[in-house]
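Reading the structure
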Amino acid sequence: SIPMMTAYLDAHPDVGILAPRLVYGDGSHQLSVNPFPSFWSTLTQFFRLPRLLPESRLFAPHRFALTPRDYPRAVEVDWVSGACLMARRQMLEEIGLLDETFFMYYEETDLCRRAWEAGWKVVYDPTTSVVHHGRKSAAKELPACLEHAQRSLVHFVSRHGSAAHRILSRTTVLLNCAAWSSLAWLRSWRRSDPSEARRLASCRAAASAALRRDPGPRIPTIRPRPASLPTASVVLPTYRRGWEDIFPTLEALAAQDPPPQEVVIVDQTPRPDPRIEAWARSHARARYA
């Protein structure tokens, strides 16, 4: 997929971000393209209309943003999933990297929005596909992921939405947090369950963020590349992944031909595993941070 995506970008210099078709492990199509969040889409999601009426283009608009049947060829879109995308370095030098205020969710949405605002195109090309199993990390810590989804929505709308949309997004998050907190409290009252305590804490954190003033963007910049820098790097975070989870990835990277110019391992585990650092030290192209 990488050579095909690179060739497409070489042939279309006005495209800043390119994404392939995403499929699940069984080969079925995965929704990976969406319109930018709007007042209406936020309202429909608050009332859970996409779940109640998943086949309605009016009440579940994001589900019909793009399907292989509608778009068999490359097409310009609002934003693409960050599970797999290729970004042009020249564009990143102009608009900056991912906004670090987003811990997870909506960071690629913000990047695509900034790309469009700077005059770059965002394109989805289904002629090549990449397997994305989907939600494997989120399922391990669902309350925290729900918290970050709420916080990131507020942050995105605060940057790019209208005044009415900003009020709606904050109100939506507060009401959602109140509903989930009530449900978690009732469940914890009936039986002691640590997961409900985590859900309560996540709801409180999300509600607190919705009430506070938006912190604003924190966008790292990237300088024009000197000839001496590596041409390709792989950054591998270890968030909630131990040695058993990350070792196959490390070995696969080391076995690639040609290998990556650089593998940067960002160790975020609460208790760093010395085996990860030892692997990095034993490979010339690896760096441990």
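This text goes with the structure placed above it.
As the structure is a prediction and not an experimental result, all values here were calculated from the model.

A closer look at the environment of Thr249
In this fold, Thr249 is placed in helix α9 (residues 243–255). When the C-alpha atoms of Thr249 and Leu236 are compared, they prove to be 9.0 Å apart, with 13 residues separating the residues in sequence.

Some thoughts on the packing of α9 against helix α10 (residues 274–281)
The geometry of α9 relative to α10 is characterised by a closest axis approach of 10 Å and an angle of 10 degrees between their N-to-C directions. Classed by the angle they form, the pair α9 and α10 counts as roughly parallel. For the pair α9 and α10, the contacting residues are Trp243, Glu244, Ile246, Phe247, Leu250, Glu251 and Ala254 in the first and Arg275, Ile276 and Trp279 in the second. Here the contact of α9 with α10 is composed, by residue class, of 7 nonpolar, no polar and 3 charged.

Notes on the sheet that holds strand β7 (residues 233–237)
Reading across from one edge, β7-β8-β9 is the order of the 3 strands in this open sheet, with parallel pairing throughout. The open sheet terminates on both sides in strands that have one partner only, identified here as β7 and β9 (286–288). Taken pair by pair, the neighbouring strands of this sheet meet at an average axis angle of 20 degrees, ignoring direction. Strand direction decides the pairing type here: strand β8 (residues 262–266) and β9, joined by 3 bridges, are parallel. Residue Val264 lies in a different strand from β9, and its bridge partner there is Arg287. The sheet contacts of α9 involve β7 and β8, and relative to β7 the element is tilted by about 175 degrees.

Some details on unusual backbone geometry
Phi at Tyr105 is positive, roughly 75 degrees, even though this residue is not glycine. In this fold, Tyr105 is placed in the loop between α4 (89–95) and α5 (107–117).

Points about the packing of aromatic side chains
Taken as a whole, this structure holds 2 aromatic pairs when the rule is applied. Positioned above the aromatic ring of Phe36 is the side chain of Arg113, whose terminal nitrogen or guanidinium carbon lies 5.1 Å from the ring centre.

What to know about the state of the cysteines
Tallying each qualifying case throughout the model produces 0 disulfides. Counting only cysteine sulfurs, Cys203 is the nearest neighbor of Cys177, a cysteine outside any disulfide, at a range of 5.0 Å. Residue classification places Cys177 among the buried positions, given a relative accessible area of 6%.

With respect to the side chain of Ser158
Along the chain, Ser158 turns up in helix α6 (residues 142–160). Within the structure, the side chain of Ser158 is placed 2.7 Å from the backbone oxygen of Val154, a separation counted as a polar contact. Within polar-contact distance, the side chain of Ser158 engages the side chain of Arg170 at 3.3 Å.

Considering the layout of surface pockets
Estimates place the volume of the second largest pocket at around 260 Å³. Lining the second largest pocket are 15 residues, with Thr101, Arg151, His155, Ala209 and Pro215 positioned closest to its centre. At the level of elements, α6 and α8 (194–211) are the ones that each hand at least two residues to the lining of the second largest pocket. Sorting elements by how many residues they give to the lining of the second largest pocket places α6 first, with 5 residues.

Quick notes on the environment of Glu93
One can find Glu93 in helix α4. Of the residues examined, Glu93 reaches a relative accessible area of 28% and is grouped as partly exposed. With 130 residues separating them along the chain, Glu93 and Arg223 place their C-alpha atoms 6.0 Å apart. Filtering out sequence-adjacent residues up to four positions away, Glu93 remains in contact with Ile222, Arg223, Pro224 and Arg225.

Let's talk about the side chain of Thr109
Structurally, the position occupied by Thr109 is in helix α5. Look at Thr109 and you get buried, because its relative accessible area is 0%. Excluding residues that lie within four positions of it along the chain, Thr109 makes contacts with Phe36, Pro37, Trp79 and Phe156.

Conventions and cut-offs
Residues numbered from 1 in each chain as written. Predicted model: local features only at pLDDT ≥ 70, side-chain atom pairs only at ≥ 80, totals over all residues. Heavy atoms only, no water. Helix = DSSP H or I, 4+ residues; strand = E, 2+ residues; numbered from the N terminus. Axes fitted to C-alpha atoms, helices over the stretch in contact; angles between N-to-C directions. Parallel < 35°, antiparallel > 145°, perpendicular 65-115°, else oblique. Contact = heavy atoms within 4.5 Å. Nonpolar A, V, L, I, M, F, W, Y, C, P; charged D, E, K, R; others polar. Pairing = 2+ DSSP bridges. Phe/Tyr/Trp six-rings, centres within 6.5 Å; stacked < 30°, edge-to-face > 60°. Lys NZ or Arg CZ within 6 Å of the ring centre and 35° of its normal. Disulfide = S-S within 2.5 Å. Buried < 20%, exposed > 50% of the residue type's maximum accessible area, 1.4 Å probe, protein only. Polar contact = N/O pair within 3.5 Å; in protein donor to acceptor, adjacent residues only side chain to side chain. 1 Å grid on protein atoms, 1.4 Å probe; cavity = no way out; pocket = protein on both sides within 12 Å on 5 of 7 lines; lining within 4 Å. Points joined across faces, edges and corners; volume = space filled by probe spheres on them.

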